[in-house]
Amino acid sequence: QVQLVESGGGLVQAGGSLRLSCAASGRTFNLLTMGWFRQAPLKEREFVAAISWNNIIRMSDSVKGRFTISRDNANKTLWLQMNSLNPDDTAVYFCATSTLRVAVKDDDYTSWGQGTQVTVSS
């Protein structure tokens, strides 16, 4: 079982940037697909981005061109660089792991972090 801890959330003005981190424990990190999801108040959790063990990347259309996902297998860390933030990006952001090479659905993921709050003010 992989343990995940997100950090880097906070309050930012529209147009600003944040960089989220996800620190993982466990020996299989470099074999897993890592994903970011978010959940806004009163909304379902939605896919944001994913990166496979060999750096195949999937991005949600809503964040393409603004967000970048990357990973460091040696340090078992996942990042989400978020630029040009807008109030619609306000949500709790979660990182998660999947054993699938391509994983864009909630059900594809088995381990989840506790989430980090991102709030974008207008």
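Going by the structure above, here's the rest.
Summary of the structure given here. (Residues numbered from 1 in each chain as written. Predicted model: local features only at pLDDT ≥ 70, side-chain atom pairs only at ≥ 80, totals over all residues. Heavy atoms only, no water.)

Turning our attention to the overall build of the chain. A count of helices and strands for the chain gives zero helices and eleven strands. For the chain, the sequential pattern of α-helices and β-strands runs β-β-β-β-β-β-β-β-β-β-β. For a compact globule of 122 residues, the expected C-alpha radius of gyration is about 14 Å, and the chain comes in at 13 Å, within 12% of that figure. In the chain, buried positions account for 46% of the 122 residues. Of all intrachain contacts in the chain linking residues separated by at least 6 positions in sequence, the fraction that spans at least 24 positions is 57%. A total of about 6400 Å² of accessible surface is found on the chain, and carbon and sulfur atoms cover 48% of it. Within the chain, one finds 12 positive and 10 negative side-chain charges whose respective centroids are separated by 7 Å. (Helix = DSSP H or I, 4+ residues; strand = E, 2+ residues; numbered from the N terminus. Rg over C-alpha atoms; globule rule 2.2 N^0.38 Å. Buried < 20%, exposed > 50% of the residue type's maximum accessible area, 1.4 Å probe, protein only. Contact = heavy atoms within 4.5 Å. Areas by Shrake-Rupley, 256 points an atom, 1.4 Å probe, with all protein chains shown as cover. Lys, Arg positive; Asp, Glu negative; His and termini not counted. Charge placed at Lys NZ, Arg CZ, Asp CG, Glu CD.)

Turning to the nonpolar core, a few remarks are in order. Residues Trp36, Phe67, Leu80, Met82 and Tyr93 are the most contacted members of the largest nonpolar core, which totals 28 residues. Taken together, the elements giving at least two residues each to this core come down to β3 (18-25), β4 (33-39), β5 (46-51), β7 (67-72), β8 (77-82), β9 (91-98) and β11 (116-121). Among the elements that line this core, the one with the most residues is β3, at four residues. In this view, Met82 contacts Gly16, Ser17, Leu18, Leu20, Arg66, Phe67, Tyr93 and Val118; residues no more than four positions away in its chain are not counted. Counting six residues, the second-largest nonpolar core is a separate cluster that includes Phe37, Phe47, Ala50 and Ala96. (Core = buried A, V, L, I, M, F, W, Y, C linked by side-chain atoms within 4.5 Å.)

Before going further, it helps to spend a moment on the sheet that holds strand β1 (residues 3-7). Pairing is antiparallel in the open sheet, where four strands are placed in the order β1-β3-β8-β7. A strand with exactly one partner marks an edge of an open sheet, and here the two such strands are β1 and β7. Pairs of neighbouring strands in the sheet enclose a mean axial angle of 15°, with direction left out of account. Relative to β3, β1 runs antiparallel, the two sharing five bridges. Bridging across to β3, Ser7 finds its partner in Ser21. (Pairing = 2+ DSSP bridges. Axes fitted to C-alpha atoms, helices over the stretch in contact; angles between N-to-C directions.)

Turning next to the side chain of Glu6. Relative to the helices and strands, Glu6 resides in strand β1. Of the side chains bearing the opposite charge, Arg45 lies closest to the buried Glu6, which forms no salt bridge; the N-O distance is 8.0 Å. In this structure the side chain of Glu6 is engaged in a polar contact, spanning 2.8 Å, whose partner is the backbone nitrogen of Cys95. A distance of 2.9 Å separates a polar atom in the side chain of Glu6 from the backbone nitrogen of Gly115. If we skip the residues at most four places from it in the chain, Glu6 touches Ser21, Cys22, Trp36, Tyr93, Phe94, Cys95, Gly113, Gln114, Gly115 and Thr116. (Salt bridge = Lys/Arg side-chain N within 4 Å of Asp/Glu carboxyl O. Polar contact = N/O pair within 3.5 Å; in protein donor to acceptor, adjacent residues only side chain to side chain.)

Below, the discussion takes up unusual backbone geometry. One non-glycine residue, Asn55, lies in positive phi territory at about 70°. Mapped onto the fold, Asn55 is located in the loop between β5 and β6 (57-59). With a phi close to 50°, Ser84 is a non-glycine residue in the positive phi region. One can find Ser84 in the loop between β8 and β9.

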